[in-house]
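Survey of secondary and tertiary structure
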Amino acid sequence: MTERGEKPPFLYVVVCAAGIAADVGRLINAAQEREWHVGVIATPLAMDGFFDTAAVEAQTGRPIRSAWRRPGDPRPFPEPDAVVVAPATFNTINKWAAGIADTLALGTLCEVSGLGVPIAVLPCVADALAAHPAYQESLTRLRATGVRFGPPYAGADGEEFAWEEALDLLDRAAR
Ligand SMILES: Cc1cc2nc3c(=O)[nH]c(=O)nc-3n(C[C@H](O)[C@H](O)[C@H](O)COP(=O)(O)O)c2cc1C
């Protein structure tokens, strides 16, 4: 429980453009049950039909962030106490590892990597893409900075996406 007067813990959920993003409400629900306040940052492509943005805004009580704020505008979210990237695409994982910050989601990830904030990632990457050498190097590079990865998920029939595991990874990182 949050002590009186204590700032509630704030979780950034970064959503990329993968089909499984349609179920991101499950992660938000599970996080809220663990008393996280949640703000969603989505890649511009993820905003384009990959999940129900109105439902997620209603669930979190905050607008989804996808574009950079204008100079002089206040920061819309508090600083994060932890970050979950789910689903994480091949594209965003590789660009993040390479230090590219051309979307708000990537800029945020590059920045929080250097702050010591716990970060858990649930990749959603087809086996053929996961075999690409750049992807394997990206995982090694990000792991070396303390980023924690959930199990590989390629979207095969019957395969479950481990939404709650992301929260378990954060708990383990905090210990
Ligand atoms: C319907 C659909 C489903 C997709 N699913 C995935 C996926 O599961 N994993 C992935 O890495 N890319 C997937 N893609 C491709 C990404 O959307 C594409 O690489 C995009 O550039 C990712 O952008 P982002 O990383 O900025 O979200 C999918 C594309 C479409 C149209």
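Coordinates for the structure precede this section.
In what follows, the accompanying structure is described. (Residues numbered from 1 in each chain as written. Predicted model: local features only at pLDDT ≥ 70, side-chain atom pairs only at ≥ 80, totals over all residues.)

**Let's talk about the pairing of strand E1 (residues 10–15)**
Here is the key point about a regular strand: its side chains alternate between the two faces of the sheet. Put simply, the rule is: Note on burial: count the other C-beta atoms lying within 10 Å of the residue's C-beta; 20 or more is buried, 12 or fewer is exposed, in between is partly exposed, and C-beta positions come from the backbone. Only DSSP runs of H or I with at least four residues qualify as helices, and only runs of E with at least two residues qualify as strands; both kinds are numbered from the N terminus onward. At least two DSSP bridges between two strands are required for those strands to pair.
Counted residue by residue, E1 has 5 buried out of 6 residues, so it is predominantly covered. Note that E1 and strand E2 (residues 37–42) share 6 bridges and pair parallel. The residue of E2 that forms the bridge with Leu11 is Val38. Of the strand pairs in this sheet, E1 and strand E3 (residues 82–88) are connected by 4 bridges, and their pairing is parallel. Looking at the pairing, Leu11 lines up with Ala82 of E3.

**Here's the deal with the site of the ligand**
Here is the rule: Proximity of a residue to a molecule or strand is defined by its backbone-placed C-beta atom lying within 6 Å of that partner. Under the scheme applied, nonpolar residues are Ala, Val, Leu, Ile, Met, Phe, Trp, Tyr, Cys and Pro; charged residues are Asp, Glu, Lys and Arg; polar residues are all the others, including Gly.
The local shell around the ligand holds 15 residues, among which Cys16, Ala17, Ala18, Thr43 and Thr89 are the closest. Classifying every residue of the shell around the ligand by side-chain character gives 8 nonpolar, 7 polar and no charged.

**Some thoughts on the sheet that holds E1**
One open sheet holds the 5 strands; their spatial order is E2-E1-E3-E4-E5, and the pairing between them is parallel. Here the strands that pair on one side only, and so sit at the sheet edges, are E2 and strand E5 (148–149).

**Focus on the pairing of strand E4 (residues 119–123)**
With 5 of 5 residues buried, E4 is to be regarded as a mostly interior element. Residues of E4 alternate between two faces, with Ile119, Val121 and Pro123 on one and Ala120 and Leu122 on the opposite face, all of them buried. Across 4 bridges, E3 lies against E4 in parallel orientation. Looking at the pairing, Ala88 lines up with Pro123 of E4. Pairing between E4 and E5: 2 bridges, direction parallel. Bridge pairing in E5 links Ala120 to Arg148.

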